[in-house]
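Topology and contacts: notes
Single-letter residue listing:
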Amino acid sequence: MTRRGFLALGAAATAAFALDDLSPSPAVAASAPPSAAWFARPRREVRPMVRWWWPDAHVDPEEIRREVDQLADAGFGGAEIAAVHHSIRDKSVLDPAGHGWGTPAWNAAVEAALDQAAERGITIDLTIGPAWPAAVPTITPGSAAAAKELAHGSVTVPAGTTYSGPVPPPTVAPAAEAPATGAHRSGGELLFVQAARIDPAHSTRDETGLDPASLQAITVTDEQTITWTAPAGGDWLLISYWQRGSGQRPESGPHTAPEAYVVDHFSRAGTQAVIDYWESALLTPAIRKLLKRAGGALFEDSIEIETDALPWTPDLPAEFERRRGYPLASILPVVVLANEDPVFAYDPARTRHARKDYWDTVSELFNEHHFTALRDWAHSIGLRLRAQPYGLQTDAIEAAAILDVPEGESLGFKNLDDYRCLAGGRDMGGREVLSCEAGAYQGGAYTTTWKKLLRTMGGAYAAGLNQTVLHGFSYAEAPGAAWPGFAAFTPYNGTVGYAESWGPRQPTWDHISDISTYFARIHLIMRQGVPRADVAVFRQTGYTKTGIGASWFTASGVPSGWTHQFVSGPLLDLPAARVSDGRLGRPAYKALFVEGDKFYAGECTMTVGVARRLLEYADAGLPIVLLGDWRNASVPGIPRDGDRRDTAEPGGTLDGENERLRAILSDLLARPTTRMVASAADVPAALAALGVHPDVRYATPSTLLTMRRVDGDVDYYYLCNGKHQENAKPPVTAIDHEVTLARSNRDSVPYLLDPWTGRASRIARYVADDDGIRLRVTLQPGQARIVALGRPGLFGDRTGRRAHATSTDADLVRYSESHPDAMAYGEGRLVVRAAEAGVYTTTLSDGRALTAEIGPVPAPVELNTWSLRVEDRGPAPAVRSLRLDRLAPWPEIPELADVSGVGTYTTTVESDGPAYLELGEVSDTCRASVNGRRLGPVDQIHPVLDLGPHLRRGSNTIQVEVATPLGNLLRVADPAVYGGLARQPYGLVGPVRLVPYGEAPLR
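Residues numbered from 1 in each chain as written. Predicted model: local features only at pLDDT ≥ 70, side-chain atom pairs only at ≥ 80, totals over all residues. Heavy atoms only, no water.

**Examining the overall build of the protein chain**
- Check the secondary structure of the protein chain and you find 21 helices and 56 strands.
- In summary, the protein chain has a C-alpha radius of gyration of 31 Å against a globular reference of 30 Å for 1003 residues, a match within 12%.
- Reported as C-alpha extents along the three principal axes, the dimensions of the protein chain are approximately 100 × 70 × 50 Å.
- Relative to its full complement of 1003 residues, the protein chain shows a buried share of 62%.
- Across the protein chain, every contact between residues at least 6 apart in sequence was considered, and the portion connecting residues at least 24 apart equals 78%.
- Taken as a whole, the protein chain presents about 35,000 Å² of accessible surface, with 49% of it coming from carbon and sulfur. (Helix = DSSP H or I, 4+ residues; strand = E, 2+ residues; numbered from the N terminus. Rg over C-alpha atoms; globule rule 2.2 N^0.38 Å. Buried < 20%, exposed > 50% of the residue type's maximum accessible area, 1.4 Å probe, protein only. Contact = heavy atoms within 4.5 Å. Areas by Shrake-Rupley, 256 points an atom, 1.4 Å probe, with all protein chains shown as cover.)

Spelled out as structure tokens, the structure:
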């Protein structure tokens, strides 16, 4: 790290405040205007949450109350109760009848959690069922409300030969839990049988080609036999279709007695079964009352409908024909699945359109019958609906606008565009929160560091996240659980499981309030006012959790400052999807970008309704850029007769839809606000020609990620140097360049908001012009800061409209403040800082050039000699004291090789002036004190502290407290599970340096 680079954005933001300057106090009310206290002590509603894992109802209500207190004391705002116990290897120790989900014991524990949460001012979320997906014990696989699948069977009939025999049985056997229904003993109800000629021209290694024109229905006898002769001219297939219950159960059961089965997520009956069970078994009178006081949300995890056949619902054929305008049977061969893979195909284009029609229909049923119905019911009992709306090929963008709180996940999302899909739905739907299941690292149990989690999440906030739900917090104990207690996901299949079981068992919990408040400050800013994104990217197919980004914007636009979100067709019908002052919707998109369907071979497809909407937008002044040749675009889906197709109303028969689409697009392309480009490389020129520029601008492409929020005349910018994951390739490196930020008010001045310390300070060096405010940003990998642009005095500073610096040859320019240096410099005076002696010149915004002289500055000093006191947090706690002549990782110190715990490092140093303390490598969390006075929170990603206000001339005692994960200890405490872990470099590794600097006021 260069001292100049570290100092560039503002010294005050990196100052190490003494703890009594940030003493705990009640959170500031939600209605409070921006102020220093508002940011330093964020309100409870924006604090992070945890997934709180219970081993069903094998819990003690008094321990439940203690754990609520632990979470509240640690600075968390809520917990999501979930029945999860993958780690319990011997399921016989569980008692689903007496202690299962939904039993009186479960309800008593939930009552205790809600009651204590109400006392402590936090909220409790409840999962929709035991584990996931949504399931209830009141149905069987054959019930109308149970999850269904469509299995197929087939037999080849050579040309001119006769097949006489039974209907082909299902290729995929039914689940053991799904007993046979209907007449066929192989399981399932026979719907019908078809014949189709094999088309070798469209056959591949994985899919058998079929001629759609040859498809015909086959008569089946009452005994379910067939006698049929194949025509000449090629081999044929007989294909049978079997409807049956899938028999899917929730994860890691049994959680109930009788055992629960997954409901049909595409029917009213499935959702009603969930509602009915809650109303009859879970919502006791006490719980109903407590939900009004401490209830947060009803939560549903990702939609992991698992079947080796095709996800199905009995009403699908009728609903498909009503919505798509032609019989589902005509395309069913190319949508059936076996072991999650398609089996048959028509020509490529027809196959794509057929599959899209099928999944579009499933998506509509899912969003209507499941999410919309559940949301409305949740509201009736005083809860919101939070859910992860992905896992199937459904429109998650639309679902994000339906849900009260859409949620993503750091484990399954492949890039930041997966979050941007949900953010687009949230913002166009007028929702406030986008949540994230954070930190579920495979194989990371008891080895995950907070630094890793922080780096993972840093980029996600720039993609729109503003709620963090940690994965997770395990209840203390469970039958058969080994030390350090019950952990929901470890062991997992006998080895190290998923991260992480945060809580008091972890040494790093000693520092948890620093972490939780960091999250809360970011959430606070990311919920202020309204979001802003430069461009809306239109998606014909609204999937997420795919890792598929947008042409040009994802790879090139983001590294140069552009921000974008995704919208799908249904969002354009929302009341907020209107253009005002040339901007679209609540996020005030400056432009709409349209490309071919990324999920269906990049085809230029669009519905007539969407095309009409785009023409309205163009006429209202919204710039639109289309990538590809849209002059011959087509409507998605299978035409019924040539290009004859259903249009505005389900079941309609109007003709010539493709022609209407092309006529509308021709009008659109003639508008002055529209450009069509042939390649992604042409996108930036088209945007420039339309006068569209990003809110954030910088000349050098970098890994800087940004998100803007606007609250009245105040602009908030979240800045992070990161990518999607902590271990991104190529690795993230430090950034140091100038950045221009657009502002809502020409009189705004910039403030730096440090999410670690909670300090808001006026930035003293910047350039204001017509484009905005230009300032220098330096961030280490994973590091984040917030810049606010608002009126002078917004955060209580008294600098007023004094001149600011526009350039300097010093390391840093800052405003002196009322504490600690007003007496030395005068409040609000410009002060320069440098690491070397010299005369430094600074140019001010009023044109003056002032100088400051800094006298001799001592050389940096490396601190090598320390006394170390270690609290071993193992099953037999112990204290070890050592003297170190050099810093080294604990595994290199024989007494500490397999120790996990909290180490306190103490040293003394001579000082005759202010200095920075660079801690170097630290594993994991840390705190520091000087001369017995504990300092404020340390930036855990870049641990450098400004000790200027705290060092005294002469001898100073510096103390650094470091807490570790439990992995090194568990290697020896439970070698059968954790013995394969590599020792991690715990402790204060350094190098630790004291880096002096000098300061002087400008004259």
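**Points about the nonpolar core**
- If you look at the biggest cluster of nonpolar residues, it comprises 185 residues, and the most contacted ones within it are Trp52, Trp54 and Tyr718.
- Sort the elements by how many residues they give to this core and helix H10 (residues 348–380) lands first, with ten residues.
- Discounting residues that sit within four places of it in the chain, tryptophan 52 has contacts with Ile64, Glu67, Val68, Ala79, Glu80, Ile81, Ala82, Ala113, Ile124, Phe473 and Tyr475.
- Counting 52 residues, the second largest nonpolar core, distinct from the first, contains Ile397, Val579, Trp630 and Leu690. (Core = buried A, V, L, I, M, F, W, Y, C linked by side-chain atoms within 4.5 Å.)

**Quick notes on the state of the cysteines**
- Under the definition given, this model contains zero disulfides.
- No disulfide involves cysteine 436; its nearest neighbouring cysteine sulfur is the one of cysteine 720, lying 14 Å away.
- Relative accessible area serves as the criterion here: at 0%, cysteine 436 is assigned to the buried category.
- In this structure cysteine 604 is not part of a disulfide, and its nearest cysteine sulfur, from cysteine 421, lies 19 Å away. (Disulfide = S-S within 2.5 Å.)

**Thoughts on the packing of aromatic side chains**
- Counted under the stated rule, the structure contains 33 aromatic pairs.
- Look at phenylalanine 266 and phenylalanine 366: their rings are 6.4 Å apart centre to centre, the planes differ by 70 degrees, and that puts the pair in the edge-to-face class. Of this pair, phenylalanine 266 sits in the loop between strand S12 (261–262) and helix H6 (268–282) while phenylalanine 366 is found in helix H10, placing the two residues 100 residues apart along the sequence. You'll find phenylalanine 266 and phenylalanine 366 in the same group, each marked buried.
- A connected cluster of aromatic rings, assembled from ring pairs, spans Trp53, Trp132, Phe489, Tyr492 and Tyr498. (Phe/Tyr/Trp six-rings, centres within 6.5 Å; stacked < 30°, edge-to-face > 60°.)

**Some details on the environment of phenylalanine 519**
- Looking at the secondary structure, you find phenylalanine 519 in helix H14 (residues 512–525).
- You can call phenylalanine 519 buried: its relative accessible area is 1%.
- Residues phenylalanine 519 and phenylalanine 76 lie 443 residues apart in sequence; the distance between their C-alpha atoms is 9.6 Å.
- When near neighbours in sequence (up to four residues on either side) are disregarded, phenylalanine 519 contacts Pro48, Trp450, Leu453, Leu454, Tyr461, Thr468 and Leu470.

**Quick look at helix H12 (residues 416–428)**
- Its 13 residues give H12 an end-to-end C-alpha distance of 18 Å, which sits within 8% of 18 Å, the value for a rise of 1.5 Å per residue.
- Of all 13 residues that make up H12, 13 are buried, and the element is covered over most of its length.
- Sitting at the head of H12, asparagine 415 places a side-chain oxygen 2.9 Å from the backbone nitrogen of aspartate 417.
- Directly after H12, the chain includes glycine 430, whose backbone phi takes a positive value near 75 degrees. (Expected span 1.5 Å × (residues − 1). Polar contact = N/O pair within 3.5 Å; in protein donor to acceptor, adjacent residues only side chain to side chain.)

**Remarks on the sheet that holds strand S24 (residues 564–568)**
- Read from one edge to the other, the open sheet built from five strands follows the order S24-S23-S27-S28-S29, with strand pairing classed as parallel. The open sheet has two free edges, formed respectively by S24 and strand S29 (674–677), since each of these has just one partner strand. Along the sheet, successive strands turn relative to each other by an average axial angle of 25 degrees, direction set aside.
- As judged from the three bridges shared by strand S27 (residues 591–594) and strand S28 (residues 624–627), these two strands associate in the parallel manner. Bridging from a neighbouring strand, leucine 592 pairs with isoleucine 624 of S28.
- Those strands touched by H12 are strand S23 (535–539) and S24, and its axis lies near 65 degrees from that of S24. (Pairing = 2+ DSSP bridges. Axes fitted to C-alpha atoms, helices over the stretch in contact; angles between N-to-C directions.)

**What about the pairing of strand S42 (residues 838–844)?**
- Direction of pairing for strand S39 (residues 805–808) relative to S42: antiparallel, over a ladder of three bridges. For alanine 805, the partnering residue across the bridge sits in S42 and is leucine 844.
- Sheet analysis places S42 next to strand S43 (residues 849–854), joined by six bridges and oriented antiparallel. Within S43, the position partnered with tyrosine 840 by the bridge is alanine 852.
- Counted between consecutive antiparallel strands, the loop separating S42 from S43 contains four residues, among which glycine 847 sits at a positive phi close to 95 degrees.

**Some points on a negative patch on the surface**
- A cluster of acidic side chains, namely Asp206, Glu306, Asp308, Glu340 and Asp341, defines a negative patch on the protein surface.
- Within the secondary structure, aspartate 206 is located in the loop between strand S7 (189–197) and strand S8 (208–209). (Patch = residues over 30% accessible without salt bridge, like charges linked within 9 Å, V, L, I, M, F, W, Y side chains within 5 Å. Salt bridge = Lys/Arg side-chain N within 4 Å of Asp/Glu carboxyl O. Lys, Arg positive; Asp, Glu negative; His and termini not counted. Charge placed at Lys NZ, Arg CZ, Asp CG, Glu CD.)

**Observations regarding the packing of H6 against H10**
- It is the contact of H6 with H10, at a shortest axis distance of 9 Å, that shows an interaxial angle of 25 degrees. The orientation of H6 relative to H10 falls into the category roughly parallel. Crossing of H6 over H10 shows right-handed handedness. Along the contact surface, H6 presents Arg268, Thr271, Val274, Ile275, Trp278 and Glu279, while H10 presents His369, His370, Ala373, Leu374 and Trp377.
- Counted by class, the contact of H6 with H10 contains six nonpolar, three polar and two charged residues. (Parallel < 35°, antiparallel > 145°, perpendicular 65-115°, else oblique. Left-handed = near helix turned anticlockwise from the far one by under 90°. Nonpolar A, V, L, I, M, F, W, Y, C, P; charged D, E, K, R; others polar.)

Limitation: the analysis is restricted to geometry and does not speak to function.
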